[in-house]
Every structure is written in C-alpha cells, then in structure tokens.
Amino acid sequence: MISYQRLDQSNAEHFAMFCEVFRLAPAYVYASEGHAPTQDELRTMYNISAPGVGAEDIFMHGLFFNEALCGCSCVVRGYPSQDTAYLVLLLLGQETQNRGIGASVLRQIAQDARTWGCSKISAVVDSANDRALRFWKREGFRETFTKQHKGMVGHAVGIEREA
C-alpha cells in the first residue's frame, strides 16, 4: 500500500527525508551535469518556487510503501498555466522501482490535478534518461519540445498528457 506525507519546505526533518530518497536512488541525476545532486543542489530542489504561484500551490510528498519511505514527488498546481499541473519530480528508490508504484503515484497526481481544475500534466525529462522516457511514454505522455538545458546530460524533453 502506498501512502503520502505532504512535506513542509520549512521543516528540517522533511528535508532530511527528501535527501534520503536520493540516497535510495543513487542512479538519479537531474540538471547536475551527470553527477548525483550535492547537498546545495538538493536544497535548491527542495525549496522550489515558480513564478505566479504561492507555496500553497506546491505539493511535495514523501512516498511510503508498506510504511517505509520509498520516494518523493513534487507537483506545482497551475503552472505554467492555470490548466496545467507541472510535475517537477517523481523519484522512487531503486528497490521499489518496476513494481507499479510510479504508475500508481502518477494516477494519484492525475486525480489531484483534475480536482484542482487542471486538464493536463506536464514535465521535463533528460533525453539521456532512456528508462524514464520509456516510463513516461508508457504512461501516455507525448513529447512537446526538445531543447538544450544547462546541466542536463542530454536535452530537455518536454512531455505532457491529459490529467
């Protein structure tokens, strides 16, 4: 069973939980030029903000499988447009990947997005991350753009699907 805990950006214990997920997923790199995120990069990711949205529109969750921390997600409601839920991060620890948990979490995110009045979910993935691209395409996402992005190993690939 998957459970969710909303993370508070001002809570040090929640930040530690967020950092622990990256330890559980050592292969993860994001806009960090191919290396695991540093503590400063993790702090920047954790303190995410987006133009035109407030803290109440940022939904960061610790994900638990059978009561054990297994991942985290971050979604911004109404960004970059009111009808969009922007998926900043969906990360699962290596031991819980390939078990249907990511698809289950994505279904919950889509349900939340519809509740917020968002008709679509968008995200960006590194083109060098073939495994992630396959997951997103299998879950109904389509590519919307490809461009260079500082720090990514490959290109930034915009993806989107209906909520």
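Further up the page is the structure itself.
This is a predicted model, so every value here is computed, not measured.

1. Considerations on the sheet that holds strand β4 (residues 84-92)
Strand order in this open sheet of seven strands is β1-β2-β3-β4-β5-β7-β6, and the pairing throughout is mixed. Because the sheet does not close on itself, it has two edges, and the strands there are β1 (2-6) and β6 (142-147). Strand-to-strand, the axes of this sheet are offset by a mean angle of 30°, without reference to chain direction. Helix-sheet contacts for helix α1 (residues 12-24) involve β1, β2 (58-65), β3 (68-77) and β4, and the interaxial angle to β3 is about 110°.

2. Structural notes on the pattern of salt bridges
Pairing between side chains of opposite charge can happen when the charged atoms of each approach one another. In the structure shown here, the tally under the stated rule is six salt bridges. Where Arg23 meets Glu20, a salt bridge forms, and the shortest distance between an N and an O atom there is 2.5 Å. In this pair, Arg23 and Glu20 both sit in helix α1, three residues apart, roughly one turn of the helix. Overall, Glu20 belongs to the partly exposed group, its relative accessible area being 28%.

3. Topic: helix α2 (residues 39-46)
Turning to α2, its buried residues are Leu42, Met45 and Tyr46. Seen from one end, α2 has its buried residues packed into an arc of 95°, which puts them on one side. When the buried face of α2 is taken as reference, the exposed residues oriented beyond 90 degrees from it are Asp40 and Thr44. Against α1 and β2 lie the buried residues of α2.

4. What to know about the packing of aromatic side chains
As enumerated under the stated definition, the model contains nine aromatic pairs in all. Here the aromatic rings of Phe15 and Phe18 are separated by 6.5 Å at their centres, their planes lie at 25°, and the arrangement is stacked. One end of the pair is Phe15 and the other is Phe18, both in helix α1 and three residues apart, which spans about a single turn. The exposure class of Phe18 is buried, given its relative accessible area of 1%. Aromatic pair Phe18 and Tyr46: ring centres 5.1 Å apart, planes at 50°, arrangement tilted. On the criterion of sequence distance, the pair formed by Phe18 in helix α1 and Tyr46 in helix α2 is long-range, its members being 28 residues apart. Tyr46 matches Phe18 in its accessibility class, with the two residues each being buried. A cation sits over an aromatic face here: Arg43 above Phe15, 3.6 Å from the ring centre.

Calculation notes
- Residues numbered from 1 in each chain as written.
- Predicted model: local features only at pLDDT ≥ 70, side-chain atom pairs only at ≥ 80, totals over all residues.
- Heavy atoms only, no water.
- Pairing = 2+ DSSP bridges.
- Helix = DSSP H or I, 4+ residues; strand = E, 2+ residues; numbered from the N terminus.
- Axes fitted to C-alpha atoms, helices over the stretch in contact; angles between N-to-C directions.
- Contact = heavy atoms within 4.5 Å.
- Salt bridge = Lys/Arg side-chain N within 4 Å of Asp/Glu carboxyl O.
- Buried < 20%, exposed > 50% of the residue type's maximum accessible area, 1.4 Å probe, protein only.
- Arc of directions from axis to C-beta.
- Phe/Tyr/Trp six-rings, centres within 6.5 Å; stacked < 30°, edge-to-face > 60°.
- Lys NZ or Arg CZ within 6 Å of the ring centre and 35° of its normal.

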